[in-house]
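Summary of the model geometry
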Protein chains: 6
Amino acid sequence: MTGNLPPTLSPFLIDRLVRSALEEDLGRAGDITSQATIDPAANARAVISNRQDGIIAGLTFVAETFHTADPDLRVRMEKADGDPVAAGTILCRIEGNARAILSAERVALNFLMHLSGISTLTAAYEAEIAHTGAKVCCTRKTIPGLRVAEKYAVRCGGGSNHRFGLDDAVLIKDNHIAIAGGVAQAVNAARVHVGHLVKVEVEVDTLDQFEEALSAGPDAVLLDNMSPAMLADAVRINAGRVTLEASGNVDLTTIRAVAESGVDYISTSKITMAAPTLDVGLDIEIG
Amino acid sequence: MTGNLPPTLSPFLIDRLVRSALEEDLGRAGDITSQATIDPAANARAVISNRQDGIIAGLTFVAETFHTADPDLRVRMEKADGDPVAAGTILCRIEGNARAILSAERVALNFLMHLSGISTLTAAYEAEIAHTGAKVCCTRKTIPGLRVAEKYAVRCGGGSNHRFGLDDAVLIKDNHIAIAGGVAQAVNAARVHVGHLVKVEVEVDTLDQFEEALSAGPDAVLLDNMSPAMLADAVRINAGRVTLEASGNVDLTTIRAVAESGVDYISTSKITMAAPTLDVGLDIEIG
Amino acid sequence: MTGNLPPTLSPFLIDRLVRSALEEDLGRAGDITSQATIDPAANARAVISNRQDGIIAGLTFVAETFHTADPDLRVRMEKADGDPVAAGTILCRIEGNARAILSAERVALNFLMHLSGISTLTAAYEAEIAHTGAKVCCTRKTIPGLRVAEKYAVRCGGGSNHRFGLDDAVLIKDNHIAIAGGVAQAVNAARVHVGHLVKVEVEVDTLDQFEEALSAGPDAVLLDNMSPAMLADAVRINAGRVTLEASGNVDLTTIRAVAESGVDYISTSKITMAAPTLDVGLDIEIG
Amino acid sequence: MTGNLPPTLSPFLIDRLVRSALEEDLGRAGDITSQATIDPAANARAVISNRQDGIIAGLTFVAETFHTADPDLRVRMEKADGDPVAAGTILCRIEGNARAILSAERVALNFLMHLSGISTLTAAYEAEIAHTGAKVCCTRKTIPGLRVAEKYAVRCGGGSNHRFGLDDAVLIKDNHIAIAGGVAQAVNAARVHVGHLVKVEVEVDTLDQFEEALSAGPDAVLLDNMSPAMLADAVRINAGRVTLEASGNVDLTTIRAVAESGVDYISTSKITMAAPTLDVGLDIEIG
Amino acid sequence: MTGNLPPTLSPFLIDRLVRSALEEDLGRAGDITSQATIDPAANARAVISNRQDGIIAGLTFVAETFHTADPDLRVRMEKADGDPVAAGTILCRIEGNARAILSAERVALNFLMHLSGISTLTAAYEAEIAHTGAKVCCTRKTIPGLRVAEKYAVRCGGGSNHRFGLDDAVLIKDNHIAIAGGVAQAVNAARVHVGHLVKVEVEVDTLDQFEEALSAGPDAVLLDNMSPAMLADAVRINAGRVTLEASGNVDLTTIRAVAESGVDYISTSKITMAAPTLDVGLDIEIG
Amino acid sequence: MTGNLPPTLSPFLIDRLVRSALEEDLGRAGDITSQATIDPAANARAVISNRQDGIIAGLTFVAETFHTADPDLRVRMEKADGDPVAAGTILCRIEGNARAILSAERVALNFLMHLSGISTLTAAYEAEIAHTGAKVCCTRKTIPGLRVAEKYAVRCGGGSNHRFGLDDAVLIKDNHIAIAGGVAQAVNAARVHVGHLVKVEVEVDTLDQFEEALSAGPDAVLLDNMSPAMLADAVRINAGRVTLEASGNVDLTTIRAVAESGVDYISTSKITMAAPTLDVGLDIEIG
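Keep in mind the model is a prediction, meaning the values are calculated, not measured. (Residues numbered from 1 in each chain as written. Chains lettered and ligands numbered in written order. Predicted model: local features only at pLDDT ≥ 70, side-chain atom pairs only at ≥ 80, totals over all residues. Heavy atoms only, no water.)

Examining the overall build of chain A
Quick note on the threshold: Secondary structure elements follow DSSP: runs of H or I of four or more residues count as helices, runs of E of two or more count as strands, with numbering from the N terminus. When a residue's accessible area, from a 1.4 Å probe over protein chains only, is under 20% of the maximum for its type it is buried; when over 50% it is exposed; and in between it is partly exposed. Two residues form a contact once any of their heavy atoms are found within 4.5 Å. This count recognises Lys and Arg as positive and Asp and Glu as negative, with His and chain-terminal groups excluded. By convention, the point assigned to a charge is CZ for Arg, NZ for Lys, CD for Glu and CG for Asp.
Per the secondary structure count, chain A includes ten helices and twelve strands. Dimensions of chain A, computed from C-alpha atoms along their principal axes, come out at roughly 70 × 40 × 35 Å. Counting only residues that meet the buried cut, chain A has 62% of its 287 residues in that class. When contacts within chain A are restricted to residue pairs at least 6 apart in sequence, long-range pairs at least 24 apart make up 70% of them. Looking at charge distribution, chain A has the averaged site of its 25 positive side-chain charges lying 2 Å from that of its 37 negative ones.

Considerations on the packing of helix H3 (residues 59-69) of chain D against helix H4 (residues 98-128) of chain D
All names here are of chain D. To keep it simple, the criterion reads: Axis lines are fitted to C-alpha atoms, over the contacting stretch for helices. Their N-to-C directions set the angle, which ranges from 0 to 180 degrees. Throughout this description, any angle smaller than 35 degrees is read as roughly parallel, any larger than 145 degrees as roughly antiparallel, any in the 65 to 115 degree range as roughly perpendicular, and the remainder as oblique. Handedness of a helix crossing follows the sense of rotation of the near helix relative to the far helix, less than a right angle counterclockwise being left-handed and clockwise being right-handed. Following the grouping adopted for this structure description, the nonpolar residues are Ala, Val, Leu, Ile, Met, Phe, Trp, Tyr, Cys and Pro, the charged ones are Asp, Glu, Lys and Arg, and the polar ones are all others, Gly among them.
With their axes 9 Å apart at the nearest point, H3 and H4 run at an angle of 160° to one another. Classified by the angle between their axes, H3 and H4 sit roughly antiparallel to one another. Where H3 crosses over H4, the two elements pack in a sense that is right-handed. Facing H3, whose interface residues are Leu59, Phe61, Val62, Thr65, Phe66 and Ala69, H4 presents Ala100, Ile101, Ala104, Glu105, Val107, Ala108, Phe111, Leu112 and Leu115. Here the residues of the contact of H3 with H4 sort into 13 nonpolar, one polar and one charged.

A word on the pattern of salt bridges
Going by this rule: Here, a salt bridge means any side-chain nitrogen of Lys or Arg that lies within 4 Å of a carboxyl oxygen of Asp or Glu.
Under the definition given, this model contains 80 salt bridges over all chains. The closest approach of N and O atoms between Arg28 of chain E and Asp167 of chain A, which form a salt bridge, is 2.2 Å. With Arg28 of chain E in the loop between helix H1 (11-26) and helix H2 (32-37) and Asp167 of chain A in the loop between helix H5 (147-156) and strand E7 (170-172), this residue pair bridges two chains. Comparing Arg28 of chain E with Asp167 of chain A, the two get one shared label, buried. Here the residues in one salt-bridge network are Asp25 of chain A together with Arg140 and Arg147 of chain B, joined through shared partners.

Some details on empty space enclosed by the protein
Under the convention used in this document: As defined here, a cavity is a set of points on a 1 Å grid over the protein atoms alone where a 1.4 Å probe fits but cannot get out. A pocket is an open set with protein on both sides within 12 Å along at least five of seven lines, and residues line them when an atom is within 4 Å of a point. Grid points are joined across faces, edges and corners, and a volume is the space filled by probe spheres set on the points.
All told, the structure shown has ten cavities of 30 Å³ or more when counted by the stated rule. By volume, the largest cavity is sized at about 200 Å³. Considering the residues around the largest cavity, the lining is formed by 17 residues, among which Asn161 and Phe164 of chain D together with Val194, Gly195 and Val198 of chain E are closest to the centre. Counted as a void, the second largest cavity has a volume near 70 Å³. Around the second largest cavity, the lining residues are Arg28 and Ala29 of chain C, Phe164, Asp167 and Asp168 of chain D, Phe164, Asp167 and Asp168 of chain E together with Arg28 and Ala29 of chain F. When the residues that make up the lining of the second largest cavity are grouped by side-chain class, the tally is four nonpolar, no polar and six charged.

Regarding helix H1 (residues 11-26) of chain F
Since one α-helical turn is 3.6 residues long, residues separated by three or four positions face the same way. Residue and element names in this part refer to chain F. So the rule is basically this: For a helix, the expected span equals 1.5 Å multiplied by the number of residues minus one.
Over its 16 residues, H1 extends 22 Å from the first C-alpha to the last, a length consistent with the 22 Å expected when each residue adds 1.5 Å. All of the buried residues in H1 are Phe12, Leu13, Ile14, Leu17, Val18, Ala21, Leu22, Glu24, Asp25 and Leu26. One or two residues past the end of H1 sits Gly27, with phi positive at roughly 60°.

Details of unusual backbone geometry
Residues and elements named next belong to chain B. The residue Asn249 is not glycine, and still its phi comes out positive at about 55°. Along the polypeptide, Asn249 turns up in the loop between strand E10 (243-247) and helix H10 (255-259). Of the residues examined, Asn249 reaches a relative accessible area of 66% and is grouped as exposed.

A short note on the sheet that holds strand E6 (residues 135-137) of chain E
Residues and elements named next belong to chain E. Threshold: Strands are labelled as partners when DSSP assigns at least two bridges between them.
Judged by pairing direction, the sheet is parallel, and its six strands sit side by side in the order E6-E11-E10-E9-E8-E7 without closing on themselves. Since the sheet does not close on itself, it has two edges, and those belong to E6 and strand E7 (170-172), each with one partner. The average angle at which neighbouring strand axes cross in this sheet is 25°, direction not considered. In this sheet, strand E11 (residues 265-267) lies alongside strand E10 (residues 243-247) in parallel orientation, the contact comprising three bridges. In the sheet register, Glu245 faces E11, and the bridge partner there is Tyr265.

Comments concerning the confidence of the model for chain A
Put simply, the rule reads: Every residue is assigned a pLDDT by the predictor, reflecting its confidence on a scale from 0 to 100.
Mean pLDDT over chain A: 95, with 99% of residues reaching 70 or higher. If you check the scores for this complex, the pTM reads 0.96 and the ipTM reads 0.96.

Things to note about the domain arrangement of chain A
All names here are of chain A. Stated formally: As annotated, the domain borders come from an automatic or database domain assignment. Accessible area that two parts lose when put together, with a 1.4 Å probe and added across both, is what the buried area reports. Polar contact is the term for a pair of N or O atoms within 3.5 Å; when the atoms are in protein, one must be able to donate a hydrogen and the other to accept it, and sequence-neighboring residues count only if both atoms are side-chain atoms.
Per the domain assignment, the segments of chain A are domain 1 (11-116 + 276-285) and domain 2 (127-273). Contact residues are listed per partner, giving twelve residues for domain 1 and twelve residues for domain 2. Carbon and sulfur atoms make up 77% of the surface buried where domain 1 meets domain 2, a total of about 790 Å² over both sides. When residues of domain 1 are sorted by the area they lose upon contact with domain 2, Leu17, His114 and Leu115 head the list and together hold 49% of the total. Our count for the contact surface shared by domain 1 and domain 2 stands at zero salt bridges. Linking domain 1 to domain 2 there are two residue pairs in polar contact (both at pLDDT 80 or more). Of all elements in the fold, only helix H1 (11-26), helix H3 (59-69) and helix H4 (98-128) reach the threshold of two or more residues within the side of domain 1 that touches domain 2. Here the side of domain 1 that touches domain 2 takes three residues from H4, the largest share from any one element. In the side of domain 1 that touches domain 2, the residues fall into eight nonpolar, three polar and one charged.

Some points on the side chain of Asp168 of chain C
Among the secondary structure elements, Asp168 of chain C is positioned in the loop between helix H5 (147-156) and strand E7 (170-172). In this structure, Asp168 of chain C is buried with no salt-bridge partner, the nearest side chain bearing the opposite charge being Arg28 of chain A at 4.3 Å. Here Phe164 of chain C takes part through its backbone nitrogen, which lies 2.9 Å from a polar atom of the side chain of Asp168 of chain C. Here Asp168 of chain C is in contact with Arg28 of chain A, Asp168 and Leu197 of chain B, Arg163 and Val198 of chain C together with Ile32 of chain D, once residues within four sequence places are set aside.

Some words on the relation of the copies chain A and chain D
Here is the rule we go by: Least squares is the method for superposing the copies, and the C-alpha atoms it fits come from residues with pLDDT of at least 70 in both.
In the superposition of chain A on chain D (RMSD 0.0 Å, axial shift 0.0 Å), the rotation amounts to 180°. Both copies are brought into coincidence by an operation consistent with a two-fold rotation axis. Considering only C-alpha atoms, the residue of chain A closest to the rotation axis is Gly27 of chain A, which sits at 4.1 Å. With an isologous cut-off of 70% or more, the 100% of interface residues of chain A that recur at the interface of chain D puts this contact in the isologous class.

A look at the packing of aromatic side chains
The relation between two aromatic rings is expressed through the spacing of the ring centres and the mutual angle of the planes. Note the following rule: To pair, rings of Phe, Tyr and Trp, with the six-membered ring standing in for Trp, must have centres within 6.5 Å; the planes then decide the type, stacked if under 30 degrees apart, edge-to-face if over 60, and tilted in the middle. Only Lys NZ and Arg CZ are tested; either one counts as a charge over a ring when it is within 6 Å of the ring centre and within 35 degrees of the ring normal.
Taken as a whole and assessed by the stated rule, the structure comprises six aromatic pairs over all chains. Sitting over the face of the ring of Phe164 of chain C, Lys151 of chain C holds its NZ or CZ atom 5.4 Å from the ring centroid.

Quick word on the pairing of strand E8 (residues 200-204) of chain E
Residues and elements named next belong to chain E. The condition is simple: We call a crossover right-handed when, viewed with the strands running away from us, the connection from the first strand over the helix to the second turns clockwise.
The element E8 is extensively covered by neighbouring structure, given that five of its five residues are classed as buried. Taking every second residue as pointing to the same face, both faces of E8 are buried, with Val200, Val202 and Val204 on one and Glu201 and Glu203 on the other. Judged from the four bridges that link them, E8 and strand E9 (residues 220-224) form a sheet pairing that is parallel. Across the sheet, Glu201 pairs through a bridge with Ala220, a residue of E9. With helix H8 (residues 207-215) bridging E8 and its parallel neighbour E9, the resulting β-α-β unit is right-handed.

See the structure below:
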């Protein structure tokens, strides 16, 4: 089996986010417009399609949203998360109770447009560096409450994930180093504190710091705000010993040069929180 | 008392969002980096400042985040939500346990950069139309789970809020009209269905539809995808009878012309979900 | 489509209330009496019927209660919420596991007897004023935690709903007016503060106040504790400009005169919280 | 220590009910009327008093409601739950932020008027039977979600509590007896099934059934729908062996005769769910 | 119907515990090992068997765990909770999606090994005293959060349950007696305070205290830390009046003598919290 | 700063577990024994001490339990989590409302006796291998719902933690290897799938498998069920390249030989789930 299995997200997490979003939109009285104007027995057929080229992420949320709103709705996927789609592609079809479809439409589309925006932008970054061995990865700058979904969208776009939280890996920064009394002391303190299945990364700003860090034997080093030339020096010094991650001032125009330095990962917050949405829409035919 | 009271958000809602965001970031083992490297008794002083000009929103979330992480942290606000701030302004100061400040930093900043991005962009739209009687307002295209926070940020930026959900106002669209058998029938059905403290708005695409809508006596009409000239016609036809809202293809370059048509509100999803973040940072001095 | 669609309640809200009520009754060890005396494989057939004439509300809760207690129970509705029923009418039939039916019986009936009491009383008020254009409506004096259900029962009885909470409409009372510096100032402050899809109502006690209120252009005026004669004066002064609501000392013997004054809505807390229950029962045949 | 300690309710339960009720009322945007018209810094003094004679229950909920809405509000109790109060008595005083007091007012009063209605009615029943050894007690016919609060109010009114749920005592009814093959078999099955700290009660309709029940040695027998004369026979037959409870057709005009039969407890659903509310109000002075 | 109905646990409680345990194990990213190495479409067949002789408890949790992880998994029980099983017995079979089975395996086994350990140990205690009329019962010394499950396992092992919490029975200890002014006063105070379906037990250390306790008429007396000879004296003094429970220094070597004293119940914390686990395992065949 | 900072657990997690345990024990009516017999105004002083030698863990839970039960209780710690204590040591003192102390006693002690049992047993294992470079570590065989607490107790006892769940590290077992087509393929698939801050461990049973695993470059290898001699061979072959973990048939009599083989970690489920409790008690003086 190769490593290109599709990205996955625990149904528990999807279910919780979808339910909370539906409750947020339905409020205390539900979709009062449909209640007043749509026959409760009316049926409808709907299609969701994208109005822009992109990489789709969030169809799993769309399916769960309609199923949660009404378990009797039939949802048929035409595409899967991670698929590249040209503008005008039909992504999925929904059939069943008209009121239920209309009530769930906005929530389903909100997930889809936000997550597809992230995967599309991630893919754009990946495209810039496909000729190198580097991968783009996200950070902890994510929308509060949506981190697992945003990180899933990054994977759908071909990117990689950094830490999911403060607890699943160690990332030592300047303040930690200052208090611990140096890079080596900080890395050793971390090794003693955490179990053997937790990685330790250290952030450095200069090549001197980098060499000191290397000698402490971390699993990875984060090279912050270095020029491509400095990054290339670091790659040479490292000689394959630890994983190298670059960060700082990364955008679509600069990432190619950063990647060509030979680093392994390039992290940026640009691909999550404020990625432009992908334009998607639902067309419905009632009755 | 004038109407310019500052925007407000229920502490219950802030508390719930903050707690959930902290749990998301702290996970099962908490901030293991700080646990390994920072003395549990160490104290620190931190300041949060903005690195870009903007309108601040989310300081209420920042305060709640630090207080929730550690009730003994002292947080002093230097600015308030809704304040315009030049790059480099100190927004608030935090003093107390060093580990607690570091553990809560990212969550606090994630709220602040996202919400301030929304308020800053909203203010930019408002600035374009300040010479008119129109106001910009948001839609239901918001990040799932954060709608109340995003709508609060819109108010901080001087914008106005559309519906909070499907249940607090009626918005009749083409599908509802088609099924109800016409605009008048749809509006009447809505009036019968909902209580007398719920407003009824109808969406129309043409001036013919608009005149038909007017005769049904809704509280507001949403003029979708009309040119400024058509909007001006609608304003003239309306003669002050109902509230007029314009939507469709609104951005910073087009909103001025839309507003000058004389409509009351201009709604756009651009100011919420994917507003660019405002760059903010926390500087800390430990010990 | 006419406006007489049946009242609706979001399945999410029903589900949450039902689940919480079942947990309350089952506690830590469940129905220990049935566990000790009923074979776990025994089946039963049950019917629920009303022992008094009335308007039924809460059958949706009954169905959800049995389905939640045991998804394999078969529930067949013979009547629907909002139906008038003579004493002795079979409302629904349940078949399946005997223990499950017995365990859920009390919770199902508690919802049904309380909500049907509300709808029956509401219908009695409506019957008194059917010859007028007025409608009876509820208030925020509701059982904590059950407001959406009680307001739904009011709709089942033919009544109308006032605000669902403090956030979906403005209701300006004497204290607000005093602080704002007058009716006009208070109404204007509200207009500036809330979005264009939120209605503004003002409460007044005298005709002078009423005229002042009218000039401020609210959406509705609440005429509190006025005699039918004063209400008729207010109706005449209003000349159809705003919605008029009467409140205060309303009961089954006085509501007719109030309605004949020409007001649009008559609000009373009598129809919710403490409405007498409708007597309903479950008869079961096991095996 | 005598047995007349005041009734108590776990702060956890009060806290959960109060929080849920406040969230219900504040919704997504909070008290928008006060936000628009009351200065956020304005202070106020309020008193809560009763407009009818009664027995007060729910002041513990009132205090928790105001404290939850704003921890800085100062609440001073003038009376305690269980106190008899004449119309016009000041029950408690609240001082602090005006908006906070107004936002919490309705929730606080809703608890107080419902629970005091229950305690007042319970006390009226108790007054009828004070000359006997009997006590009135409630049933499981309670408002879904409020059972612990309603049972607490019954205790405040001097009444006693029956089972809190299906799990804390055994109550064997006709269906259980039929399936178990007789009263003795049902009681024995229950004894085997439950632990030694769980009581077993059997419901009977006739004196023959009662004698059969007695021979099985339950802890209590529920005498359903018996005339006072039959109840007196049962008391004589029992000769003090088990606790006797009467139920069926109990109201304020009949309970005296029932009690004089010599039974120990008289259960009725009339004192909970649909007890008339006690009229209470809040008067506020702002600034 | 005899009293040997199988023990039961409310599906609500099982569901809540299972869901929480799955969330605990799946965390933010789910089973990343299976995601990386197992084809999402791969199927598997698994059997769960025990590696030690014992009494099984928790198969109800196992079924719920797999169903919750993936509703499409087919689970076939070969044994039921409460069954004695020799080492090597197949307990249940699971078929369906391979990833889902692997993701849920650990949680299912954790419940099964802990609860079967409790039921097996309880049965060992019961075996020691089967020739007497005594039963072993558990206490409130249980794992926080798992009490209902542990008490269910005790029943599966043939044991009996003491109180489920502080609220479902009265247990008066030395401190309560000291404050109340004596055993009789304490029992009377309890009788007045609680309803007639709540039992009252008193703990005593000496035979003098026991005789005093008897005169107060409690439902049960807990004889703490008495020798078998003293217990036999207590049984003789009691002459069948109240239920007698012995506690203190009970283990597998001493319980026989305690039971032969003639007491009704013997309570011990040894059978819950720290009972050795029963070794169980899952064997899987994928593809 | 050295690496010997005390173990830490997020207050959020403690708070949630404590609250849930208190709700479990207090149920619907609270501590009815204390309510009936203890004056609500009575105060008390209590001390908690251990009756056996051990390593204490869970005092943080004790403090939170009493504070949650009553924020006015004063809790003074005499020892800290991780401290070795001889039998009879006073661990903490509590002063305040007598009812509150009695109500919270059992919950506080249940946490303390279970967690201290784990830390004491862990320390016993660590003592056996202190002369080697190996550390004992826990597994995912933990009580459902208490994993973070049990892993914290392991740290208090000087042990190390393995994975917290399925999502924070990769552990490849035989089934994964079989499907992936070999050890190298499985490790590579994992590397591609997970981010660079996630470790990858492979489980092997033979030295041949081990050499194959080494060539794939995992972060760690789990040597399952190998004899000390085989483990020593593996250590020699490894020559310091990857972290080595041994598991299988580890107990207090065998762990020394396992550790002397030179492996880095020895994992066992014996130290969590079913560790014998440490005997602790609370002595109280009321009034």
